[in-house]
Amino acid sequence: MQFTKKAIRHAVLATGFALAGNVAMAASDGPATISVDRLSMEMALKAAQATMEACRDEGIQIGVTVVDRGGNEQVVLRDVLAPDLTLRISKLKAYTAMSFNTATSTLEERGQGALGKVPGLMLGAGGVTIEAGGKTYGAIGVSGAPSGETDEMCARKGAEAVAMDLEFL
């Protein structure tokens, strides 16, 4: 089998490009894959129940949603007398807290601009992230209290209820 000079040149160039690409990939600063820690169902449920108990201690019936790192619902609870609407709002608050990696109360002023017009976001108090050991595991959103500040206080208690368990992972 005979190869033409043109075929050999193309093979050498292709091999050179392939090797250069591999060297460039090997020299990159970042890992080729990452691992993301997630809450177990039991830990997410513990956070949601602690949130609900904190609001019950205040005499308030709420809806609470715990989302994972991707903003997907993991646990959803609604107290007996809390309106159905609390579930939609708590989900939006949890999703927004996770999306911005901050408590939703810090985003309230941004709701006056273009960000406030984005469907699926809730830029009012009541959503917090679940963090421990320098990692973010998800977020909790609460709705049903007379104020967003009270919603957020209950959500913080839920996040605190699992923080110690998560610190030792």
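Source: prediction; values computed, not measured.

Draft legend 1. Expanded view of the sheet that holds strand 4 (residues 135-143). Spatial strand order, 2-1-4-3: 4 strands in an open sheet with antiparallel pairing. Looking at strand neighbours, the two that pair on one side only are strand 2 (73-78) and strand 3 (127-132), the edges of this open sheet. Taking each pair of neighbouring strands and ignoring which way they run, the sheet shows an average axis angle of 20°. Where helix 2 (residues 41-57) meets the sheet, it contacts strand 1 (63-67), strand 2, strand 3 and strand 4, and its direction lies at approximately 30° from that of strand 2. Sheet strands in contact with helix 3 (residues 85-100) are strand 1, strand 2, strand 3 and strand 4, and its direction is about 150° off that of strand 4.

Draft legend 2. Examining helix 3 more closely. For helix 3, spanning 16 residues, the distance from its first C-alpha to its last is 23 Å, which sits close to the expected 22 Å at 1.5 Å a residue. Those residues of helix 3 lying buried are Thr86, Ser90, Lys93, Ala94, Thr96, Ala97 and Met98. As for helix 3, its buried residues are in contact with strand 1, strand 2, strand 3, strand 4 and helix 4 (148-167). One or two positions beyond helix 3, positive phi appears at Asn101, with a value near 55°.

Draft legend 3. Seen up close, the side chain of Ser90. Relative to the helices and strands, Ser90 resides in helix 3. A relative accessible area of 0% places Ser90 in the buried class. From its side chain, Ser90 meets the backbone oxygen of Leu87 in a polar contact 3.1 Å long. Not counting the four nearest positions on each side in its chain, Ser90 is found in contact with Gly63, Val64, Thr65, Gly141, Val142 and Ser143.

Draft legend 4. Representation of the side chain of Asp79. Relative to the elements of secondary structure, Asp79 occurs in the loop between strand 2 and helix 3. Overall, the relative accessible area of 2% leaves Asp79 in the buried class. Engagement of the side chain of Asp79 in a polar contact is seen with the side chain of Arg56, the distance being 2.7 Å. Setting aside residues no more than four positions away along its own chain, Asp79 makes contact with Met52, Arg56, Gln61 and Ile62.

The rules behind these values
- Residues numbered from 1 in each chain as written.
- Predicted model: local features only at pLDDT ≥ 70, side-chain atom pairs only at ≥ 80, totals over all residues.
- Heavy atoms only, no water.
- Pairing = 2+ DSSP bridges.
- Helix = DSSP H or I, 4+ residues; strand = E, 2+ residues; numbered from the N terminus.
- Axes fitted to C-alpha atoms, helices over the stretch in contact; angles between N-to-C directions.
- Contact = heavy atoms within 4.5 Å.
- Expected span 1.5 Å × (residues − 1).
- Buried < 20%, exposed > 50% of the residue type's maximum accessible area, 1.4 Å probe, protein only.
- Polar contact = N/O pair within 3.5 Å; in protein donor to acceptor, adjacent residues only side chain to side chain.

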